[in-house]
Amino acid sequence: MCICLLMCICVYLSVLMCICLCCVSRWKNWWIRGVLSLAMISGFFMVIYLGPIMLILVIKCFQEIIDIGYRVYHSYELPWFRTLSWYFLICVNYFFYGETLAEYFGALVQREDSLQFLVRYHRFISFTLYLAGFCMFVLSLVKKHYRLQFYMFAWTHVTLLIVVTQSHLVIQNLFEGMIWFIVPISIVICNDIMAYLFGFFFGRTPLIKLSPKKTWEGFIGGFFGTLVCGFVLAYLLAQFQYFVCPVEYNSETNRFTADCEPSDIFVMQQYTFPFAVQNILTWKTVNLYPYQIHSVVLSTFASLIGPFGGFFASGFKRAFQIKDFADTIPGHGGIMDRFDCQYLMATFTHVYIASFIRGPNPSKVLQQLLVLQPEQQLSIFNAMRDRLRDRGILPPAAILEAALL
């Protein structure tokens, strides 16, 4: 309901902005980008509402980059380049999404014999599929185009590394909790908007030659605006169980659920200011969600390091003398033009979660136990019983009952 309301607000603001600015020719590009930005934000909330459709975006981003290489293919008539590029995309997606199936859908896999076979030999099947594509590439080599064909082979693999691998990390972040998906994406969008606004109104000093329109004023203003945006958004989302709980598959209802006891980082805590700060602010304590502190780290990366993903994309486009990856979105270019910073942010978020946040996951451990043979499960049960008994955790009545079993 809240997401639908946000979508309506964004559409309403889009209409107002269009009415107010469409008559001002000097701001024509500004209102076009503004309206499309709000439309994309509306689409973002729709994606959240409908569920993850990352695969569609991955295919579109891959297609935009491969199409640039296809111009070379079309000019030199390189055999099988486009076919092999899409074949490798299928192979890599099969590998990554198969890994996700095995990791998060263990209960479902146990009920289907065909899925058990695919999961058991998943990596072997994936490697076999890749080898078939590799052999096809070798057979397609033409004597007069050896070097160019290897360039295109590397082109495809680098594209897969940039697009598919990092999009897989976005899916991994999503399963850690919707908040780890929404906040990183939102603060990158916020940084893009705030940097554009500060640069539009106050920009004077060029920032980097790769992007002549980027200014230091926009870069610095975007940094502080992103900090505020991330801090406030983290506070709002941390209050709802739906956003903070890991997304898990419920085998009984055959649906994804987000129902849990929120971890400590999503529980309001009281922090005491240093004595020097107390004298300035006249406050001694402040109540915060620990996740808000983590959001400061994420916002700092999004505003200081994240833009380098955009600079990298700018350099790439300049190397091939193109303005945008595609013309899918008027005033913004292609999907890849909007995701150039998102992929870098997704990788950082995944590494940050793995390094500082993630702990043992009982659900995953249970899924792994269910795959074992009954004798192995019984052996683990006895070992756990003895361990809990030695630590005094298991009550005497429970020990006697377990012994009888």
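Residues numbered from 1 in each chain as written. Predicted model: local features only at pLDDT ≥ 70, side-chain atom pairs only at ≥ 80, totals over all residues. Heavy atoms only, no water.

1. Describing the UniProt feature "transmembrane region" (unreviewed entry) in the protein
Okay, step 1: Taking the numbering used here, the UniProt-annotated feature "transmembrane region" (unreviewed entry) corresponds to residues 34-59, 80-97, 124-142, 149-171, 177-203, 215-238 and 291-313.
Okay, step 2: A distance of 25 Å separates the end C-alpha atoms of residues 80-97, which is 94% helix and 0% strand.
Okay, step 3: Overall, residues 177-203 shows 93% helix and 0% strand. The separation of its end C-alpha atoms is 37 Å. (UniProt positions renumbered as here; feature names shortened; annotations may be inferred. Helix = DSSP H or I, 4+ residues; strand = E, 2+ residues; numbered from the N terminus.)

2. Details of the pattern of salt bridges
Okay, step 1: As enumerated under the stated definition, the model contains six salt bridges in all.
Okay, step 2: Put simply, Asp386 and Arg385 hold a salt bridge, and the shortest N to O gap is 3.5 Å.
Okay, step 3: For Asp386, a relative accessible area of 26% puts it in the partly exposed group.
Okay, step 4: Between Arg389 and Asp386 there is a salt bridge, with its nearest N and O atoms 3.3 Å apart. Of this pair, Arg389 and Asp386 both sit in helix H18 (residues 374-390), three residues apart, which is roughly one turn of that helix.
Okay, step 5: A residue is classified by how much of its surface remains accessible, and Arg389, at 39% relative accessible area, is partly exposed.
Okay, step 6: Each of Arg385, Asp386, Arg389 and Asp390 takes part in salt bridges that share partners, so that together they form one network. (Salt bridge = Lys/Arg side-chain N within 4 Å of Asp/Glu carboxyl O. Buried < 20%, exposed > 50% of the residue type's maximum accessible area, 1.4 Å probe, protein only.)

3. Section: unusual backbone geometry
Okay, step 1: Phi at Gln321 is positive, roughly 55°, even though this residue is not glycine.
Okay, step 2: Within the secondary structure layout, Gln321 lies in the loop between helix H14 (307-319) and helix H15 (335-339).

4. Side note on a nonpolar patch on the surface
Okay, step 1: Residues Val228, Phe231, Val232, Tyr235, Leu236, Met268 and Val296 make up a contiguous nonpolar surface patch of roughly 550 Å² in combined accessible area.
Okay, step 2: No other element matches the five residues that helix H10 (residues 216-237) contributes to the nonpolar patch.
Okay, step 3: Relative to the helices and strands, Val296 is located in helix H13 (residues 290-304).
Okay, step 4: On the accessibility criterion, Val296 (33% relative accessible area) is partly exposed. (Patch = residues over 30% accessible without salt bridge, like charges linked within 9 Å, V, L, I, M, F, W, Y side chains within 5 Å. Areas by Shrake-Rupley, 256 points an atom, 1.4 Å probe, with all protein chains shown as cover.)

5. So, the pairing of strand S2 (residues 211-215)
Okay, step 1: Here two bridges tie strand S1 (residues 206-208) to S2, and the two strands are oriented antiparallel to one another. Within S2, the position partnered with Ile208 by the bridge is Ser211.
Okay, step 2: Following S1, the chain reverses through two residues before pairing antiparallel with S2. (Pairing = 2+ DSSP bridges.)

6. Considerations on the environment of Leu288
Okay, step 1: Locating Leu288 in the fold gives a position in strand S6 (residues 285-288).
Okay, step 2: When the C-alpha positions of Leu288 and Gln270 are compared, they lie 6.4 Å apart, and in sequence the two are 18 residues distant.

7. Focus: the side chain of Thr156
Okay, step 1: For Thr156, the position within the fold is in helix H8 (residues 146-175).
Okay, step 2: For Thr156, the side chain forms a polar contact with the side chain of Ser85, separated by 3.0 Å.
Okay, step 3: When near neighbours in sequence (up to four residues on either side) are disregarded, Thr156 contacts Phe62, Ile66, Phe81, Ser85 and Phe88. (Polar contact = N/O pair within 3.5 Å; in protein donor to acceptor, adjacent residues only side chain to side chain. Contact = heavy atoms within 4.5 Å.)

8. Some points on the packing of H10 against H13
Okay, step 1: At a closest axis distance of 8 Å, the pairing of H10 and H13 adopts a crossing angle of 150°. In terms of orientation, H10 and H13 fall into the roughly antiparallel class. As for how H10 packs across H13, the hand of that crossing is right-handed. Two secondary-structure elements touch here, H10 through Phe219, Gly222, Phe223, Thr226, Leu227, Gly230, Phe231, Ala234 and Tyr235 and H13 through Tyr291, Gln292, Ser295, Val296, Ser299, Thr300, Ser303 and Leu304.
Okay, step 2: When grouped by side-chain class, the residues that make up the contact of H10 with H13 number nine nonpolar, eight polar and no charged. (Axes fitted to C-alpha atoms, helices over the stretch in contact; angles between N-to-C directions. Parallel < 35°, antiparallel > 145°, perpendicular 65-115°, else oblique. Left-handed = near helix turned anticlockwise from the far one by under 90°. Nonpolar A, V, L, I, M, F, W, Y, C, P; charged D, E, K, R; others polar.)

9. Some words on the packing of aromatic side chains
Okay, step 1: Applying the stated criterion across every chain, the model contains 25 aromatic pairs.
Okay, step 2: Judged by centre distance (4.3 Å) and plane angle (25°), the rings of Phe137 and Phe153 are stacked. On the criterion of sequence distance, the pair formed by Phe137 in helix H7 (residues 122-139) and Phe153 in helix H8 is long-range, its members being 16 residues apart.
Okay, step 3: For Phe137, a relative accessible area of 6% corresponds to the buried category.
Okay, step 4: Judged by centre distance (5.9 Å) and plane angle (35°), the rings of Phe348 and Tyr352 are tilted. On the criterion of helical spacing, the pair formed by Phe348 and Tyr352 is a turn pair, its members being four residues apart in helix H16 (residues 342-357). (Phe/Tyr/Trp six-rings, centres within 6.5 Å; stacked < 30°, edge-to-face > 60°.)

10. Examining H14
Okay, step 1: With 13 residues, H14 extends 18 Å between its outermost C-alpha atoms, agreeing within 8% with the 18 Å of an ideal straight helix rising 1.5 Å per residue.
Okay, step 2: In the segment just after H14, Gln321 is the residue with positive phi, at about 55°. (Expected span 1.5 Å × (residues − 1).)

11. Quick notes on the nonpolar core
Okay, step 1: Grouped together as the largest cluster of nonpolar side chains are 36 residues, with contacts concentrated most on Ile179, Trp180, Val183, Leu237, Phe266, Tyr291 and Met345.
Okay, step 2: Ranked by the residues each element gives to this core, the list is headed by helix H9 (residues 178-202), at nine residues.
Okay, step 3: Listed in part, the 23 residues of the second largest apolar core include Phe62, Ile66, Phe137 and Ile322. (Core = buried A, V, L, I, M, F, W, Y, C linked by side-chain atoms within 4.5 Å.)

12. Points about the environment of Val188
Okay, step 1: Checked against the element boundaries, Val188 lands in helix H9.
Okay, step 2: A residue is classified by how much of its surface remains accessible, and Val188, at 10% relative accessible area, is buried.
Okay, step 3: For the pair Val188 and Gly230, spaced 42 residues apart in the sequence, the C-alpha separation amounts to 9.4 Å.
Okay, step 4: Each residue touching Val188, except ones within four places of it in the same chain, is listed here: Ala302, Cys341, Gln342 and Met345.

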